[in-house]
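Given next are the chains, with one letter for each unit.
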There are 2 protein chains.
Amino acid sequence: MCPIRITLTDDHPLVLAGMKALLQDVEDIEIVGEATDGQTALDVIQQTTPDIAILDISLPGVSGLEVARRLAAQMPQVRLLALTVHEDHAYVQPMLQAGARGYLLKRSAADELERAVRAIAGGGLYLDPAIAEKALPSSHGAHSSSGTPATSELTPRESEVLRLIAQGFSNKEIANQLSISIKTVETYKARAVEKLGLFTRADIVRYGVALGWLGHPAKSADQA
Amino acid sequence: MCPIRITLTDDHPLVLAGMKALLQDVEDIEIVGEATDGQTALDVIQQTTPDIAILDISLPGVSGLEVARRLAAQMPQVRLLALTVHEDHAYVQPMLQAGARGYLLKRSAADELERAVRAIAGGGLYLDPAIAEKALPSSHGAHSSSGTPATSELTPRESEVLRLIAQGFSNKEIANQLSISIKTVETYKARAVEKLGLFTRADIVRYGVALGWLGHPAKSADQA
DNA sequence: TGATCCGTCGGGAAAAACCTGACTTTGGCT
DNA sequence: AGCCAAAGTCAGGTTTTTCCCGACGGATCA
């Protein structure tokens, strides 16, 4: 039997190296590629066509979610294992809808990683126990045709504004950054919080934290 | 020669296991303890008295900074290597003042970890190149006598208010939470931003992120 | 060929934040 | 004992921001 071929993606080289060290000791697992950002991950995965692509969701540049969506469209045979610190439901669902076959938390036990890999390699689906509880109950049928079911389907503008708000920018500052009117910013914000059921700025910040918009000091400076 | 004895602390078991895997392959390095929270870290370190304690700064419960300060007071012979995602200057300085002998970023290359360990074990001080630049220029002479030179000497109240602001709460919400007048909250905020040289809310959020006030979705719920 | 969604704005009312100034208590210093 | 600085507390009044309601053109889709 040929080994399970895996690519790893995490924006922290140290964490990446750690996971690699963890996995490469295992007999029938082979690390065939690594990346520390979304674009590179896409490239590496396309070049190596691994059995499983493990990727952190919070990536600089192209986000993990974006990577997942593109892979689902371009290389559906590659199975995705999402690996992240975020256990918020709002984040799990989109990831699974984007085609992820597994969702593991960084706070998970180390041996869960191998377990998840084997489960997915065997064609299964593996969710961390902690999130499995949350993810399953509210589940839905299976409509991946038109695109977006319920929550979290913000328009790009809405999402952008919400992120900037979470980062502490005022409507005026956002208006300047995006070169639009304050009024427009207010509209996006209003529509976004309406869709997501958020009320206070603190809600928005929490949402942003869950989505990985914050907590990555070094990165940022993306949209222009 | 006896090996370098090390304890590891990181709140993500997976990351912890990864670093362990990275380090334990090295000849003269021995992992003598692990922890995933600040209190446990303190216990483990006190029990094992390692040569070097590697600890992530953003920890649930007792923060890494707090751990560093207590260790500096109780076990100065244990050398600390701070390991974190935060490369903000505002975070490096307090950590070094708290006695850390090294500061490494998770975005650092993997071999830097071993390098840092050896440097510190040899009695040296190791800063990640990326932060060394920032840390050194603005530096200071060597006044560790009275305590706090310039920044970050917020009163408890100021710090508390600033944290809540970073989390997105309005002055009014904070006033309610702390059972004080809005006006008082405004005063603390004003004094805090004055001391820290912050200007916009976004500045405050960034400061909070650097201090680990945000970015830990699952955790929180501390002060009452 | 309407309905709907997205991006874009304005006016005016309401809320929040900001600036200036002030009072009290605690503690150290002379 | 008197002095003074720092920390905690608050108010009045002005400025800024946000919030609510409404609107319009373009694209898309049935």
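This text goes with the structure placed above it.
Residues numbered from 1 in each chain as written. Chains lettered and ligands numbered in written order. Predicted model: local features only at pLDDT ≥ 70, side-chain atom pairs only at ≥ 80, totals over all residues. Heavy atoms only, no water.

**Some details on the protein's contact with DNA strand C**
Around DNA strand C, the structure places 19 residues, and the nearest of them are Thr155(A), Thr187(A), Tyr188(A), Lys172(B) and Lys189(B). Taking all atoms of DNA strand C within 4 Å of the protein, the share assigned to sugar and phosphate is 58%. Breaking the surface near DNA strand C down by element, the ones donating at least two residues are helix H7 (156-166) and helix H9 (182-196) of chain A together with helix H8 (171-178) and helix H9 (182-196) of chain B. Per element, the largest residue contribution to the surface near DNA strand C is six residues, and it comes from H9(A). For the surface near DNA strand C, the residue count by class is three nonpolar, six polar and 10 charged. (Near = heavy atom within 4 Å. Helix = DSSP H or I, 4+ residues; strand = E, 2+ residues; numbered from the N terminus. Nonpolar A, V, L, I, M, F, W, Y, C, P; charged D, E, K, R; others polar.)

**Notes on the relation of the copies chain A and chain B**
Expressed as a screw operation, the relation of chain A to chain B combines 0.4 Å of axial shift with a rotation of 180°, fitting to an RMSD of 0.8 Å. Between the two chains, the operation in question is that of a two-fold axis. By residue overlap, the copies meet face to face through one surface: 100% of the interface positions of chain A are interface positions in chain B. (Least-squares fit on C-alpha atoms with pLDDT ≥ 70 in both. Contact = heavy atoms within 4.5 Å.)

**Observations regarding helix H1 (residues 13-24) of chain B**
Helix length check: H1(B) (12 residues) gives 16 Å between terminal C-alpha atoms against 16 Å at 1.5 Å per residue, within 8%. Those residues of H1(B) that sit buried are Leu14(B), Val15(B), Leu16(B), Ala17(B), Gly18(B), Met19(B), Ala21(B) and Leu23(B). (Expected span 1.5 Å × (residues − 1). Buried < 20%, exposed > 50% of the residue type's maximum accessible area, 1.4 Å probe, protein only.)

**Observations concerning the protein's contact with DNA strand D**
Close to DNA strand D lie 18 residues; Lys172(A), Lys189(A), Thr155(B), Thr187(B) and Tyr188(B) are nearest. Backbone atoms, meaning sugar and phosphate, form 55% of the atoms of DNA strand D found within 4 Å of the protein. Contacts to DNA strand D include Lys189(A), whose side-chain N or O atom sits 2.6 Å from a phosphate oxygen. With respect to DNA strand D, the side chain of Arg191(B) contributes an N or O atom lying 3.1 Å from a base nitrogen. Secondary-structure elements contributing two or more residues to the surface near DNA strand D are helix H8 (171-178) and H9 of chain A together with helix H7 (156-166) and H9 of chain B. Broken down by element, the residue count for the surface near DNA strand D peaks at five residues, all from H9(B). Among the residues forming the surface near DNA strand D, the class breakdown is three nonpolar, six polar and nine charged. (Polar contact = N/O pair within 3.5 Å; in protein donor to acceptor, adjacent residues only side chain to side chain.)

**A closer look at the interface of chain A and chain B**
The interface is formed by 39 residues belonging to chain A together with 39 residues belonging to chain B. Together, the buried faces of chain A and chain B total about 2,900 Å²; carbon and sulfur atoms form 73% of this surface. Across the chain A-chain B interface, the total number found is zero salt bridges. At the junction of chain A with chain B, the criterion picks out two residue pairs in polar contact (both at pLDDT 80 or more). Residue contributions to the side of chain A that touches chain B peak at eight residues, all from helix H1 (residues 13-24) of chain A. Split into classes, the residues belonging to the side of chain A that touches chain B amount to 22 nonpolar, 10 polar and seven charged. (Buried area = accessible area lost by both parts, 1.4 Å probe. Salt bridge = Lys/Arg side-chain N within 4 Å of Asp/Glu carboxyl O.)

**Some points on the packing of H7(A) against H9(A)**
Residue and element names in this part refer to chain A. Relative to each other, H7 and H9 sit at 95°, their axes nearing to 8 Å. It follows that H7 is roughly perpendicular to H9 by the angle criterion. Counting all contacts with H7, which are made through Arg157, Glu158, Val161, Leu162 and Ile165, the residues of H9 involved are Val185, Tyr188, Lys189, Arg191, Ala192, Val193, Lys195 and Leu196. (Axes fitted to C-alpha atoms, helices over the stretch in contact; angles between N-to-C directions. Parallel < 35°, antiparallel > 145°, perpendicular 65-115°, else oblique.)

**Some details on the pattern of salt bridges**
Tallying each qualifying case throughout the model produces six salt bridges over all chains. The salt bridge involving Glu34(A) is made with Lys20(A); its shortest N-O contact spans 2.6 Å. One end of the pair, Glu34(A), is in strand S2 (residues 29-35); the other, Lys20(A), is in helix H1, with 14 residues separating them in the sequence. Overall, the relative accessible area of 32% leaves Glu34(A) in the partly exposed class. In this structure, the salt-bridge partner of Glu160(B) is Arg157(B), at a minimum N-O distance of 3.4 Å. Here Arg157(B) and Glu160(B) lie together in helix H7, a separation of three residues that amounts to about one turn.

**Quick look at the packing of H7(A) against H8(A)**
Residue and element names in this part refer to chain A. Where H7 meets H8, the closest approach of the two axes is 10 Å, and the angle between their N-to-C directions is 130°. Classified by the interaxial angle, the pair formed by H7 and H8 is oblique. In the crossing of H7 with H8, the sense of the turn from one axis to the other is right-handed. In this structure, H7 contributes Arg157, Glu160, Val161, Leu164 and Ile165 to the contact, and H8 contributes Asn171, Ile174, Gln177 and Leu178. (Left-handed = near helix turned anticlockwise from the far one by under 90°.)

**Focus: unusual backbone geometry**
In this structure, Thr49(A) is a non-glycine residue whose phi angle is positive, near 40°. Thr49(A) gets classed as partly exposed once you look at its relative accessible area, which sits at 39%. Residue Ser179(B) is not a glycine yet carries a positive backbone phi of 60°. Tracing the backbone shows Ser179(B) in the loop between H8 and H9. In this structure Ser179(B) comes out as exposed when scored by relative accessible area, which is 65%.

Bear in mind that shape data such as this cannot, by itself, settle questions of function.
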